[in-house]
Amino acid sequence: MGLRGFAGAGFIVGIAGMTASIAAGGSAGGPAGRAARPTAPADDGAAVVGERRPRRRVLDLAVRSPVLDGVGRARLLLPPDWSRDASRRWPVLWLLHGSTAGGYRAWTDHTDIEELTEDADVIVVMPDGGPCGNYTDWWNRGDGGTPKWETFHLAELRQILERGYRAGSDRAVAGNAMGGLGALSYAARHRGLFRAAASFSGPVHTLYRDPAGLDVADLVELGVAIGAPSLDWTDVWGDPEEQRVVWRQHNPYDLADRLTGVRLHVSSGDGASGPYDRRRGTGRDVVETLAHTVSQEFAGKLRKLGIPVSTHFYRGTHTWPYWRRELRATLPALLAEIT
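Because the structure is a prediction, the values reported are computed rather than measured. (Residues numbered from 1 in each chain as written. Predicted model: local features only at pLDDT ≥ 70, side-chain atom pairs only at ≥ 80, totals over all residues. Heavy atoms only, no water.)

When its secondary structure is counted, the chain shows 9 helices and 9 strands. Per-residue burial for the chain yields a buried fraction of 58% across its 339 residues. For the chain, the proportion of contacts with a sequence separation of at least 24, taken over those separated by at least 6, is 72%. By element, 49% of the accessible surface of the chain is carried by carbon and sulfur atoms, the whole surface being about 13,600 Å². (Helix = DSSP H or I, 4+ residues; strand = E, 2+ residues; numbered from the N terminus. Buried < 20%, exposed > 50% of the residue type's maximum accessible area, 1.4 Å probe, protein only. Contact = heavy atoms within 4.5 Å. Areas by Shrake-Rupley, 256 points an atom, 1.4 Å probe, with all protein chains shown as cover.)

Time to look at the packing of aromatic side chains. Scanning all chains against the criterion turns up 8 aromatic pairs. With a centroid separation of 6.2 Å and 80° between ring planes, the pair formed by W149 and F152 is classed as edge-to-face. On the criterion of helical spacing, the pair formed by W149 and F152 is a turn pair, its members being 3 residues apart in helix 4 (residues 149-164). Each member of the pair, W149 as well as F152, carries the same accessibility label: buried. With a centroid separation of 5.1 Å and 75° between ring planes, the pair formed by Y276 and Y322 is classed as edge-to-face. Taken together, the residues span a long stretch of sequence, with Y276 in the loop between strand 8 (263-269) and helix 8 (286-304) and Y322 in helix 9 (residues 320-336) at a distance of 46 residues. Owing to a relative accessible area of 39%, Y276 belongs among the partly exposed residues under this scheme. One aromatic cluster is present, formed by W107, F200, W320 and W323 through successive ring pairs. Above the ring of Y253, the side-chain terminus of K301 is found at 4.4 Å from the ring centroid. Across the ring face of Y314, the terminal group of R325 is positioned such that the distance to the ring centre comes to 4.6 Å. (Phe/Tyr/Trp six-rings, centres within 6.5 Å; stacked < 30°, edge-to-face > 60°. Lys NZ or Arg CZ within 6 Å of the ring centre and 35° of its normal.)

Between its terminal C-alpha atoms helix 5 (residues 178-189) stretches 16 Å, which fits the 16 Å expected from 12 residues at 1.5 Å a residue. Along helix 5, 11 of the 12 residues are buried, which leaves the element largely enclosed by surrounding structure. (Expected span 1.5 Å × (residues − 1).)

A few words now on the sheet that holds strand 5 (residues 123-127). In spatial order, the strands read 1-2-3-5-4-6-7-8-9; together these 9 strands make up an open sheet with mixed pairing. Looking at which strands have only one partner, the edges of the open sheet turn out to be strand 1 (47-55) and strand 9 (310-314). If you compare each strand with its neighbour and ignore which way they point, the axes differ by 20° on average. With 4 bridges joining them, strand 3 (residues 70-77) and strand 5 adopt antiparallel strand pairing. Counted as the bridge partner of L76 is V125 from strand 5. With respect to the sheet, helix 5 is in contact with strand 4 (90-96), strand 6 (167-176), strand 7 (196-200) and strand 8, its orientation differing from that of strand 6 by roughly 140°. (Pairing = 2+ DSSP bridges. Axes fitted to C-alpha atoms, helices over the stretch in contact; angles between N-to-C directions.)

As a further point, take the pattern of salt bridges. Counted according to the given criterion, the structure contains 22 salt bridges. The salt bridge partner of R75 is D60, with a shortest N-O separation of 2.7 Å. Pair noted here: R75 is in strand 3 and D60 is in strand 2 (residues 58-65), with a separation of 15 residues, a long-range link. D60 matches R75 in its accessibility class, with the two residues each being buried. Each of R209, D215, E241 and R244 takes part in one network of salt bridges that share partners. (Salt bridge = Lys/Arg side-chain N within 4 Å of Asp/Glu carboxyl O.)

And the structure:
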């Protein structure tokens, strides 16, 4: 059901935190930094135009991208002995953020990923995905065009990293919230690109409908209304009924059979206040409740298809302390697939 037809105090309270987070996220300020050392551009001419090294292992990139009509950002965590002139390549872990403040800095701002990978022999890539990009090339009423987040990540940025930053071909991907949708969609839509994929509280069944409650389509509509108010939310994939084919082409639930051979993990809270919530109220987090429902639906379909998946369903809300815990628990398995 659309947001215009959805009423109720529970809904307003449940999305208040998400709304504030998206609004705060806006456009993450990025590295002006110094001019980048010349590296080979992507096939379409996308190129690094700035670098900044805020900490020893952290390298922030600014990428001029024709598919974004501007500059895209990415944060890298480099392995201990990394050098752009090295004779070897490193496996790559992609971490995708949700509709949250911080963009490409979210994972280092809200988790201990730097410490967790201090001795890991991998490059960690944390790209900006926009406040409401949904990790897709926008449909734009069938005309295509910008923004093309999927192309920016998996064509432009991937080529830049492989040509100028010693990134290898062994990859894993994980994400929280909208990033969880992106992780599983990317793994399914680009077979063979990722060896492992994990979703933490991701809306991984975008066509799930609940006539009496919140739908994933509502989240897409809300995200665009806050993150890009001048645009129409149906520019992302069209109307979920009229352009159902387009939605299915980007829906992990409908693409589940394409995930054979990928090590998979799905987790979410049930929306009730849990151990990391400061306020133990009686209300439920409706966004996490939805993530819980669709994650269970998705995991159930995988099992019916005979595709192995590990899961963790727990008491908790749609907040970073839980995703930090899930990352810690899942990281060893993700790295084991690529190192």
